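# Coordinate analysis (summary)
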Amino acid sequence: MLSVTPAGAEQPPSPKEQDWAGPEALCPGWLEDEGPDGPEDSGDAGDATHAYEGLQAALRHHGLPPTRDRSAQPHTGFGPLDMTVCILGSPSTFLPVLLEGGTRCPGAMVLCLSPSWVTRVPSATSPGAWSLLVSRGVSFETGGHSTLDAFDPPRRANYVTGTLVAGDPEGGWVGEVARDLDCPTGCSAPLAHRLEDTPLARWVLAARAGLPVPPTLAFVLGAAGHLPAQLVAPGVKLVRLEDPQGHEKLVQEEVGAFLGGSAMEPYSQVVVRPAGWRWRGTGARSTHGKAEVAAVAQALVARLQGLREEDSVLLEALVPTARLPALPPRSPAPRLPMALRICTLVCRSWGNRPQLCQVACAVGRAECPVAHGASLPQGLDSSLQLWGVVAPGQRQALATRLQVAAEAAAVALWAAEAELSAGHRGGARARTDLLGVDFLLACVDDTLEPVAVSANGQRCLETCLLAEAMGRAVGQPPGDLPVSLAEALLHQAQRHLVEGKDILLIGAGGISKGFVWEAARDYGLRIHLVESDPSHFAAELVQTFVPYDSREHRRDEEHAARVCELLRARGLRPDACLSYWDDCVVLAALLCQRLGLRGCPPAAVRVAKQKSRTHQHLQRCRRGRPPPAAFAVPCRRLQSHGDVERAAAAVPFPAVAKLEFGAGGVGVRLVADAEQCHRHAARLWRDLRDDADHPGIGLGWGNAMLLMEYVPGTEHDVDLVVFEGRLVGAWVSDNGPTRLPAFLETAACLPSCLPADRQAQLVRAALQSCLACGLRDGVFNVELKLGPGGPRLLEINPRMGGFYLRDWIQEVYGADLLLAAVLVALGVAPVLPARPTPRTHLAGVMCLGSEHGATLGAGGAMATLRELQSRGLVRLNRLFEETAGDGEYEEPWLSVACGGATREEARLRLLGLCQALGIDSPRYPVEHFLSHFK
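Residues numbered from 1 in each chain as written. Predicted model: local features only at pLDDT ≥ 70, side-chain atom pairs only at ≥ 80, totals over all residues. Heavy atoms only, no water.

### What about the overall build of the protein chain?
- Looking only at helices and strands, the protein chain has 28 helices and 33 strands in total.
- Relative to the 2.2 N^0.38 estimate, which gives 30 Å for 934 residues, the radius of gyration of the protein chain is 31 Å and therefore close to what a compact globule would have.
- Counting only C-alpha atoms, the protein chain reaches 100 × 70 × 55 Å along its principal axes.
- Burial status across the protein chain gives 58% buried among its 934 residues.
- The contacts in the protein chain between residues at least 6 apart in sequence include a share of 69% that link residues at least 24 apart.
- Summed over all atoms, the accessible surface of the protein chain reaches about 37100 Å², with 52% contributed by carbon and sulfur.
- Positive and negative side-chain charges of the protein chain, numbering 88 and 102 respectively, have mean locations separated by a distance of 5 Å. (Helix = DSSP H or I, 4+ residues; strand = E, 2+ residues; numbered from the N terminus. Rg over C-alpha atoms; globule rule 2.2 N^0.38 Å. Buried < 20%, exposed > 50% of the residue type's maximum accessible area, 1.4 Å probe, protein only. Contact = heavy atoms within 4.5 Å. Areas by Shrake-Rupley, 256 points an atom, 1.4 Å probe, with all protein chains shown as cover. Lys, Arg positive; Asp, Glu negative; His and termini not counted. Charge placed at Lys NZ, Arg CZ, Asp CG, Glu CD.)

What follows is the structure in structure tokens.
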């Protein structure tokens, strides 16, 4: 229920009265007198000491040790690659996030309780902006430990947010400190006031998010520049008044038209109330029947007398909570009408996408307002059961609909913020990263529907964290809320950390790597590209283009020395060096070694790059449980036909013959006996001699082959992020059956169809294989087979996964392999989802020029695919500008994928699309290729 109380206090409470409203509800014992000695502080020692004592009480409540004071021995040595997430103001709201952040990135989360603990200095990178330097703060470590630290020199903040004072026009000292910063800033007083502006919020929610809102008639004074000139949205109307006096007739006309309009037909009561940040929580409202037109107009006129330009007076429908068939009563006592308010919390997650973090509900009497802090929160599922929604499927459907609505609301509100000038946002980098949207559960056209009521910046956060804490008190396992919020804040800080960094990139690749240039621009990276093709299209997209022919990779030592000379001649001193192009990974490792940059040892990359050496090395690694040798496959190197006979004596048939340094599945073939191997090797050595014969598949290393035992089972890719030998992130994708005897990829899906324990086997095998080869820092792609006996290694690619993998992982899980690779190369452990939950399921099929070039080029099928992609219905990953190779040396030309809420939905959508467009055929049976994904 919106609210149905008589008019309350006429004046909003003062900022001082609202400053500490409610923290004791979040942290029992907040107002206890006892506590350890707090920090000494000048200027606002009383406020800082009070907040410090509150922090200690909250730590005691969580069963955590008190904060240790280490400020007498200042910390030194913080540099430009040290991450600092600065939380300003009251510790109550963000304490669970600080604790979780301290576990994920010890020392990175710093709580500042006083404005004297930070300094604003002119930004060296953003004219007109300020850098925030932290000289003192409470740092959080693993296990809930906290320390009061001094920093000399001060630490530079990479991300800033905090607790604004709700009733202060400038948000208190937090709003002043956080204004006009050069780093991402997750809050500002101007944006908080916009969220509290009910007419503006409802206009955005209705007009841009397409959500139902309570029918609303809003009166504003003068220009009201914070509102759009033409505020038009379903159910929302704005009336501008030049003067609050003498508008009785206009008010009566507007009230009559509003109450008699079609939008008000379902409702019998209305509320008159002032709105705006000054009126938050005052309860100043009156309730009327819809037929009481004169009384409603009189109440509005009375409210307009004290109207200010930043305020508004609202006439809104009183939307009752949907009345559902009640469960059989447990007692004959009459049931009173109740109201349900649903609070949702959305954070700005990976890729600036919205992520619903938690839902909490408040229940109260229908005749009283159900406001934040007025009652203890409860879960959505139990609330729906209380309302009589018995069927689990119906409750799940409502929860899904609510998630879609909340995330759509966040997208719309963020887009509206992005259109504002820097001054109106509180700074060029200011934005709302944690957003609350409140809903009512109403009955719209005989259907249960979430109706969006309002938005806020902190109230939903406090309510959801309270619900989380209450669950722990009754033995519920820790929820994901603090984890999600801490990851979101740390991720934004890491994005800022890489801005302006000089990255030496070795090899540009083709059109399939075009995402790199867009991502580099998005992250603010300065790319210095070394590329063999002097006319490569990327030359115009990078900071520095260094043409150098390194295609003969057997001379990579010489190439590394020459590239270093070219860099010195240009005065380039990169912060990191990496390559995502298969041919150039060894050269990149050699350059890292020569330039003193972080990277894997060249010897380790050579072992991984050469497939036979990989398996032979692992066969010697016999420590562990199981040892890495358990994942290796018998194989032999082939450089001549004599090698074929020797290999045939050691490798059982059927076997797989392929290029030693190959990529993309080119030239890989199943051979039944030595004679077939001879014939295949003869053709390959004749047709593929050097890089000019088929660029990009490793012929710059020569055309040696290997023969390896054929491993039955399903094929999978495991993409790993490893930092200092520690697994940071892992994603498993499945491949469909290939068109034997060739092994060119046909189809794939993400997330994997495998159960969790089988995925864990693959991840463990991939990680142990990489570590055994010496790959301890980087982003790696590992191809494995999984049979009844467990995983077996096919090959290790010591670089980011190719084809569609980066795009798919980012779409499904939000994590960006490219950003992770840059962070590892800079020496920073990437923050990735600790509990990755897929947002969607993807199933894709590869298209070949020989099979589909004519089909997709005729009749506008390719144009249809592009149109579907623009509408978000398919995902296209163009792998080559034109079809690559022919016959048995052909590479996939295009990846076409469809998404769905389930794997089966994605698979059926893709199958239907392929049948409609002619991608499916007897020669290319897509249904068979997708059969592993059922």
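More follows now that the structure is in view.
### Things to note about the packing of helix α17 (residues 585-595) against helix α18 (residues 602-609)
- Relative to each other, α17 and α18 sit at 175°, their axes nearing to 9 Å. One element, α17, and the other, α18, form an angle in the roughly antiparallel class. Packed against α17, whose contacting residues are V585, V586, A589, L590 and Q593, the element α18 presents P602, V605, R606 and K609 at the interface.
- Class assignment of the residues belonging to the contact of α17 with α18 gives a composition of six nonpolar, one polar and two charged. (Axes fitted to C-alpha atoms, helices over the stretch in contact; angles between N-to-C directions. Parallel < 35°, antiparallel > 145°, perpendicular 65-115°, else oblique. Nonpolar A, V, L, I, M, F, W, Y, C, P; charged D, E, K, R; others polar.)

### Here we look at the state of the cysteines
- Counted according to the given criterion, the structure contains zero disulfides.
- Summary of cysteine pairing: C343 is not part of a disulfide, and the nearest cysteine sulfur, belonging to C460, is at 3.1 Å. (Disulfide = S-S within 2.5 Å.)

### Observations regarding the environment of T287
- Checked against the element boundaries, T287 lands in strand β12 (residues 286-289).
- The spatial distance from the C-alpha of T287 to the C-alpha of V270 is 5.8 Å, given a sequence separation of 17 residues.

### Quick look at the sheet that holds strand β31 (residues 841-847)
- Ordered by their spatial adjacency, eight strands build an open sheet running β30-β29-β26-β27-β28-β31-β33-β32, and the pairing between neighbours is antiparallel. The sheet terminates laterally at β30 (790-797) and β32 (875-878), the two strands that pair on one side only. On average, adjacent strands in this sheet sit at an angle of 25° to one another, irrespective of strand direction.
- Taken together, the two bridges between strand β27 (residues 726-735) and strand β28 (residues 747-750) define a ladder with antiparallel strand orientation. Note on β28: the bridge partner recorded for D734 is C749.
- Where helix α23 (residues 805-813) meets the sheet, its contacts fall on β26 (714-723), β27, β28, β29 (778-787), β31, β32 and β33 (894-900), and the angle it forms with β28 comes to roughly 30°.
- This element, helix α27 (residues 903-917), spans β31 and β33 of the sheet and lies at about 135° to β33. (Pairing = 2+ DSSP bridges.)

### Looking at the environment of E265
- Mapped onto the fold, E265 is located in the loop between α8 (248-259) and β11 (269-275).
- Residue E265 is classed as exposed on the basis of its relative accessible area of 61%.
- When the C-alpha atoms of E265 and K290 are compared, they prove to be 9.6 Å apart, with 25 residues separating the residues in sequence.

### A word on the sheet that holds strand β23 (residues 655-659)
- Read across the open sheet, the four strands follow the order β22-β25-β23-β24; overall the sheet is antiparallel. Each end of this open sheet is capped by a strand with a single partner; those strands are β22 (635-638) and β24 (669-671). The average undirected angle you get between the axes of adjacent strands in this sheet is 25°.
- Taken together, the three bridges between β23 and β24 define a ladder with antiparallel strand orientation.

### Remarks on the side chain of R341
- Note that R341 resides in strand β14 (residues 338-348).
- At 3.2 Å, the side chain of R341 and the side chain of D438 are in polar contact. (Polar contact = N/O pair within 3.5 Å; in protein donor to acceptor, adjacent residues only side chain to side chain.)

### Comments concerning the environment of Q639
- With respect to the secondary-structure elements, Q639 resides in the loop between β22 and α20 (641-648).
- Looking at Q639, the relative accessible area reads 52%, which means it is exposed.
- Taking C-alpha positions, Q639 is 6.4 Å from M705, a pair spaced 66 residues apart along the chain.
- Ignoring anything within four residues of it in the chain, the contact list for Q639 reads W685 and A704.

### Brief notes about unusual backbone geometry
- Along the chain, R625 connects to P626 via a cis peptide bond; the corresponding omega equals -10°.
- Take P626: it is sitting in the loop between α19 (611-619) and β22.
- Residue F653 is joined to P654 through a cis peptide bond whose omega torsion reads 0°.
- Relative to the helices and strands, P654 resides in the loop between α20 and β23.
- For N352, which is not glycine, the phi torsion reads 55° and is therefore positive.
- Among the secondary structure elements, N352 is positioned in the loop between β14 and β15 (354-365).

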